[in-house]
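Given next are the chains, with one letter for each unit.
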Amino acid sequence: MLRISEIGDSDGHVILKLEGRIVGPWVRELAEASGRVVDAGKIVKLDLAEVTYVDREGLKLLLTLEGRRAILQGMSPFVAEELREAKAVKAAESKG
């Protein structure tokens, strides 16, 4: 399960506080929630401090969101390492 709480921010950003696991159907929920913010022309900040696990599709989404100027903050060392590895795989795939 993933809880997504939208918090307004005074500098034109919108913070999405995430709690739980970014897996399965919750990946689509996060894509829709963050897409609404990005489509409104705002920058989304994802507070990942309470995220315990991210599956492969979730990692792909986080990388896509980063490419759309999302700011990923507060992630645990475990999630940070998963994201780092996903970036390395993506870079290797793009080379060749």
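Residues numbered from 1 in each chain as written. Predicted model: local features only at pLDDT ≥ 70, side-chain atom pairs only at ≥ 80, totals over all residues. Heavy atoms only, no water.

(A) Inspection of the environment of S5 at higher detail. Among the structural elements, S5 can be located in strand 1 (residues 2-8). When its relative accessible area of 25% is taken as the criterion, S5 is described as partly exposed. Separated by 33 residues in sequence, S5 and V38 place their C-alpha atoms 16 Å apart. (Helix = DSSP H or I, 4+ residues; strand = E, 2+ residues; numbered from the N terminus. Buried < 20%, exposed > 50% of the residue type's maximum accessible area, 1.4 Å probe, protein only.)

(B) Broad picture of the packing of aromatic side chains. For the coordinates displayed, the defined rule picks out 1 aromatic pair. Here the aromatic rings of Y53 and F78 are separated by 6.3 Å at their centres, their planes lie at 25°, and the arrangement is stacked. Of this pair, Y53 sits in strand 3 (residues 43-54) while F78 sits in helix 3 (residues 77-95), placing them 25 residues apart in sequence. (Phe/Tyr/Trp six-rings, centres within 6.5 Å; stacked < 30°, edge-to-face > 60°.)

(C) Representation of helix 1 (residues 25-39) within the structure. Counted at 1.5 Å a residue, the expected span for helix 1 with its 15 residues is 21 Å, and the 21 Å between its end C-alpha atoms agrees. Restricting attention to buried positions, one finds in helix 1 the residues V27, L30, A33, S34, G35, V37 and V38. Immediately beyond the C-terminal end of helix 1, within one or two residues, lies G41, with a positive phi of roughly 85°. (Expected span 1.5 Å × (residues − 1).)

(D) Molecular detail of the confidence of the model for the chain. The predicted model of the chain has a mean per-residue pLDDT of 92, with 98% of residues at 70 or higher. Mean pLDDT in the chain bottoms out at helix 3, which sits at 90, and peaks at strand 2 (residues 13-22), which reaches 96. (pLDDT = per-residue confidence, 0-100.)

(E) Representation of the side chain of S34 within the structure. Topologically, S34 is positioned in helix 1. By relative accessible area, S34 is classed as buried at 0%. A distance of 2.8 Å separates a polar atom in the side chain of S34 from the backbone oxygen of L30. In contact with S34, other than residues within four places in its own chain, are L16 and L65. (Polar contact = N/O pair within 3.5 Å; in protein donor to acceptor, adjacent residues only side chain to side chain. Contact = heavy atoms within 4.5 Å.)

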